[in-house]
Amino acid sequence: MDKHHAEEKIKQLSAELEQHNYNYYVLDKPSISDFEFDKLLEELIALEKQFPELLLSTSPSQRVGGSITKEFKTVKHTYPMLSLSNSYSKEDVLDFDRRVREGLGLQSTDLFSLAQVNYVCELKFDGLSIGLTYENGELKQAVTRGDGVQGDDVTTNVKTIKSIPLKLKGDFPAQFEIRGEIFMPRPVFDNINKEREEIGETPLANPRNAASGTMKMQDSSVVASRKLDCFLYNVLGAEFSDKGHFETLQHAKRWGFKISEHSKLAGNINEALDFIEHWDKARFNLPFDTDGVVIKVNEFKQQTQLGFTAKSPRWAIAYKFKAEQVSTELQSISYQVGRTGAITPVANLKPVPLGGTTVKRASLHNADIIEKLDVRVGDFVFVEKGGEIIPKIIGVDFSKRKDDAQKTIYITRCPECGTELKREDGEANHFCPNETGCPPQVKGRMEHFVSRKAMNIDSLGAETIEQLYNAGLIKNIADIYDLKKEQLLPLERMAEKSAQNLIEGIEASKKIPFERVLYAIGIRHVGETTAKKIAKKVKSLQVLINLNEEEMLHIDEVGEIIAKSVSVFFADEENRKIIERLKVAGLQFELSAEQQQAGSEKLKNLTFVISGVFNKHSRDQLKELIEFHGGKNSGSVSGKTSYLLAGENIGPEKLKKAQNLGVKIIGEDEFVEMIG
Ligand code: IVH
């Protein structure tokens, strides 16, 4: 076949395959057998192989996956990904309605006004939020929520989700973003777990975590095999003649998106309450998880009038279903030792079904909680599953307490190494002080050291660390840099290639910048952000080592606890030796020349308008920060404004103007994130 014919054929096959995909995954009405579908797909893939220059980024062959993303690019959201304020009762929902009416200047006592606010009721899908950008009808980028200001570019993985269109149909806008929730359908989740249990792998905790874990996988063909799905619920950035949200979603449906058929337009808040009541029970029959209902003011004009707080829109609210509860027997309490030596007591329960999974364990958090609940082995306890993975014990059924139940006595020695436990004033958890000799702490510290946000040595996973530790090859993080390929090869499951990858990964980590090294070495209480702040201020590790606690307090974000922890860390002879060896190995213990330059250009070419009252900074401080990072301040919102930095009690005029002009509105936290 010549190129011209191949091009035609590829076009035709792609269109045909996308239509079948749509029929199957969006409409749930298959129009072809799997066998025939695969045949067409193979034909397309063969042609694309033969003419690689004809392979389009929107080709249905992209859905198979296969490409590897080593590191997901961080991308700034065009519009911050806000969250919703939560409500838990009928009263909360009625309050919301009252606030909406007040905000719109409608009298709540005026019976006729009942019909004046229409609400869209949607299910609150329990997955991970995603923003999809389309340009001229083609999927250009898919970004996770991240911290709301910036997220990970997961486009390659998202393309494997069959219900997400790669090309749109009909009269779509030239450019827009659509947001929704990626989730793992229950039957898919159950199947995966059945298989995992069969091969002795730990089951996935719940569909939500399974979905977000899958999205971060490097190999997109594994993502494709996980059969994720996606409902879309919010269109942004397009000029619409539509009156409201509901109509817009109906349009989006025609462009090929999967929009939930369960959404409903309610004429008033009582109808919304009916919707909640219905789904509180009916949700268990759905093939996916939902943890609540979202109620949104339908009309765009009214939405604009109501506007946003710094964190969430005033025109929408999430109603969270009450968590399901069960009672079961507490069979024993075990104690886990974490990376930092913190001890977590864990309740081992008689297995009981709860919210679609079988619960066997629950966290008891710390000694105080055990004391407060007065929980004893043999008790029947009430277990609740909220949003978190690990269920919570919320109380004891004292009516079933056995006469001989013994009061729980908290352990005094580390279950792993026998060292006497300590508890610092003001801290909730006991901890094992044997940092260098307690195996889970030593291994945990190494796992943290190599993790993605730290030294990013992904060829050195938890299993390999365990193996190397057991073989006596690594006892601390500095030992990692002494590893030789010859030492690795005799280890089980360590082929030439993996040994080579491991050594290369270790070598590459020597380029990781200072702030991440500072985070990686695992000083208690020094998280990613604090490490960044400290690195920026001190510029080199030697300066930090020479600071006393008092001096450290001048660093942003560093309070007494952190200052003490840093100084204790460097006072330790063992730690100093390790740092010395890491220095010799060639790790970065200073900011690079570019990083050292005063200020930054993070806000270059951006103009800010500040309005309202802020919690963490004064307005002058914010202005200084903007200038320090190369941005400009302005007093009034105009077409040239890049961001409206909004605090509490923000001036309504400014807000309205910003919304009308499409100026991005951010809160203090997002701003702080922006400047890192
Ligand atoms: S609307 C500006 N609608 O719930 C508000 N969110 O805190 C945009 N979610 O992060 C959100 N189902 O990930 C909206 N039907 C729905 C939703 C939904 C689930 C998630 C979303 C968001 C969180 C709200």
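Per chain, residues are indexed from 1 in the order of the written sequence. Per-residue local features are limited, in this predicted model, to residues with pLDDT of at least 70; the limit for side-chain atom pairs, both in listing and counting, is 80 or more; totals at the level of whole chains, interfaces and linings are taken over all residues. The side-chain figures draw on all heavy atoms in the structure; neither hydrogens nor water molecules are used.

**A few points about the site of the ligand**
Close to the ligand lie 13 residues, the nearest being Leu84, Glu122, Phe125, Glu181 and Tyr233. Polar contact criterion, stated in full: a pair of N or O atoms within 3.5 Å, where within protein one must be able to donate a hydrogen and the other to accept it, and residues adjacent in sequence count only if both atoms are side-chain atoms. In the environment of the ligand, a nitrogen atom lies 3.0 Å from a nitrogen or oxygen atom belonging to the backbone of Leu123. A distance of 3.4 Å is found between an oxygen atom of the ligand and a side-chain nitrogen or oxygen belonging to Lys124. Protein coverage of the free-state accessible area of the ligand, which is 520 Å², stands at 90%. Here a strand is any run of E in DSSP of at least two residues, a helix any run of H or I of at least four, and the numbering for each starts at the N terminus. Contributing elements (two or more residues each) for the shell around the ligand: strand E3 (119-125) and strand E10 (290-297). With four residues, the single largest contributor to the shell around the ligand is E3. Under the convention adopted here, Pro, Cys and the residues Ala, Val, Leu, Ile, Met, Phe, Trp and Tyr are nonpolar, Asp, Glu, Lys and Arg are charged, and Gly plus all remaining residues are polar. Residue composition of the shell around the ligand, by class: six nonpolar, two polar and five charged. Working definition: residue near molecule or strand if any one of its non-hydrogen atoms lies within 4 Å of it. Areas reported here follow the Shrake-Rupley algorithm with a probe of radius 1.4 Å; residue values treat only the protein chains shown as occluding.

**With respect to empty space enclosed by the protein**
Buriedness of a pocket was judged along seven lines, with at least five required to meet protein on both sides within 12 Å; pockets are open sets of points on a 1 Å grid over the protein atoms alone, cavities are sets where a 1.4 Å probe fits but cannot get out, and lining residues have an atom within 4 Å of a point. Grid points are joined across faces, edges and corners, and a volume is the space filled by probe spheres set on the points. Per the stated rule, a full pass over the model turns up two cavities of 30 Å³ or more. Taken as a whole, the largest cavity encloses approximately 50 Å³ of empty space. Lining the largest cavity are Lys76, His77, Thr78, Tyr79, Pro80, Gly148, Val149, Tyr643, Lys664, Ile666 and Met674. Residues that form the lining of the largest cavity fall into these classes: six nonpolar, three polar and two charged. Here the second largest cavity defines a volume of roughly 40 Å³. In terms of lining residues, the second largest cavity is bounded by Glu122, Leu123, Phe125, Phe231, Leu232, Tyr233, Leu249, Ile259, Ser260 and Ser263. Listing elements by their share of the lining of the second largest cavity, those giving two or more residues are E3 and strand E8 (229-236).

**Things to note about the packing of helix H1 (residues 3-26) against helix H2 (residues 34-50)**
Fitted lines through C-alpha atoms serve as axes, helices being fitted only where they are in contact, and the angles separating the N-to-C directions of these axes extend from 0 to 180 degrees. Close contact between H1 and H2 brings their axes to 10 Å; oriented N to C, the two are set at 145°. In terms of crossing hand, the pair formed by H1 and H2 is left-handed. Note on element contacts: H2 touches H1 through Asp34, Phe37, Leu40, Leu41, Glu43, Leu44, Leu47 and Glu48, opposite Ala6, Lys9, Ile10, Leu13, Ser14, Glu16, Leu17, His20, Asn21 and Tyr24. A per-class count over the contact of H1 with H2 returns ten nonpolar, three polar and five charged. For any helix crossing, the convention is left-handed if the near helix is rotated counterclockwise from the far helix by under a right angle, and right-handed if that rotation is clockwise. Pairs of residues are marked as contacts when any of their non-hydrogen atoms sit within 4.5 Å.

**Thoughts on the environment of Asn118**
The residue Asn118 is located in the loop between helix H3 (90-103) and E3 in this model. On the accessibility criterion, Asn118 (31% relative accessible area) is partly exposed. Taking the C-alpha atoms as reference, Asn118 lies 8.5 Å from Lys296; in sequence the two are 178 residues apart. Apart from the residues lying within four places of it in its own chain, the contact partners of Asn118 are Leu265, Ala266, Gly267, Lys296, Val297 and Asn298. Think of it in three bands: with a 1.4 Å probe and only protein chains considered, a residue is buried below 20% of the maximum accessible area for its type, exposed above 50%, and partly exposed in between.

**So, the side chain of Ser540**
Secondary-structure assignment places Ser540 in the loop between helix H17 (528-538) and helix H18 (541-546). Setting aside residues no more than four positions away along its own chain, Ser540 makes contact with Phe514, Phe589 and Glu590.

**Remarks on the sheet that holds E3**
Pairing between strands requires that DSSP locate at least two bridges from one strand to the other. Within the open sheet, the five strands sit side by side as E2-E11-E10-E3-E9. Their pairing is mixed. Each end of this open sheet is capped by a strand with a single partner; those strands are strand E2 (86-87) and strand E9 (264-266). Alignment of E3 against E10, held across seven bridges, turns out to be antiparallel. In the sheet register, Tyr119 faces E10, and the bridge partner there is Val297. Strand contacts of H3: E2, E3, E10 and strand E11 (316-320), with the helix running at about 175° to E11, the strand carrying the most contacts. On the sheet, helix H9 (residues 269-282) packs against E3, E9, E10 and E11 and is oriented at approximately 25° with respect to E3.

**Considerations on the sheet that holds strand E5 (residues 138-144)**
The four strands are arranged E5-E4-E7-E8 in an open sheet whose pairing can be described as antiparallel. Each edge of the sheet is formed by a strand with only one pairing partner; in this case those strands are E5 and E8. Strand after strand, the sheet turns through a mean of 30° between neighbouring axes, direction not considered. Along the sheet, helix H8 (residues 245-254) contacts strand E7 (175-183) and E8; its crossing angle with E8, the most-contacted strand, is approximately 125°.

**Things to note about the layout of surface pockets**
Taken as a whole, the second largest pocket spans an internal volume of roughly 1,200 Å³. Forming the walls of the second largest pocket are 42 residues, and the residues nearest its centre are Tyr24, Tyr25, Val26, Asp229 and Lys258. Looking at the lining of the second largest pocket, the elements that each hand over two or more residues are H1, H2, helix H7 (220-225) and E8. The dominant element in the lining of the second largest pocket, judged by the number of residues it contributes, is H1, at six residues.

**Side note on the environment of Ser85**
Within the secondary structure, Ser85 sits in the loop between strand E1 (74-76) and E2. By relative accessible area, which is 30% here, Ser85 ends up partly exposed. A C-alpha to C-alpha distance of 8.3 Å links Ser85 and Lys311, two positions 226 residues apart in sequence. With residues near it in sequence (within four places) discarded, Ser85 still touches Ser312, Ala316, Ile317 and Ala318.

**Focus: unusual backbone geometry**
Not every positive phi belongs to a glycine, and Lys227 is a case in point at roughly 50°. Here Lys227 is to be found in the loop between H7 and E8. Owing to a relative accessible area of 55%, Lys227 belongs among the exposed residues under this scheme. Positive phi, close to 50°, is recorded for Asp374, a residue that is not glycine. Following the sequence through the fold, Asp374 ends up in the loop between helix H11 (367-373) and strand E15 (380-384).

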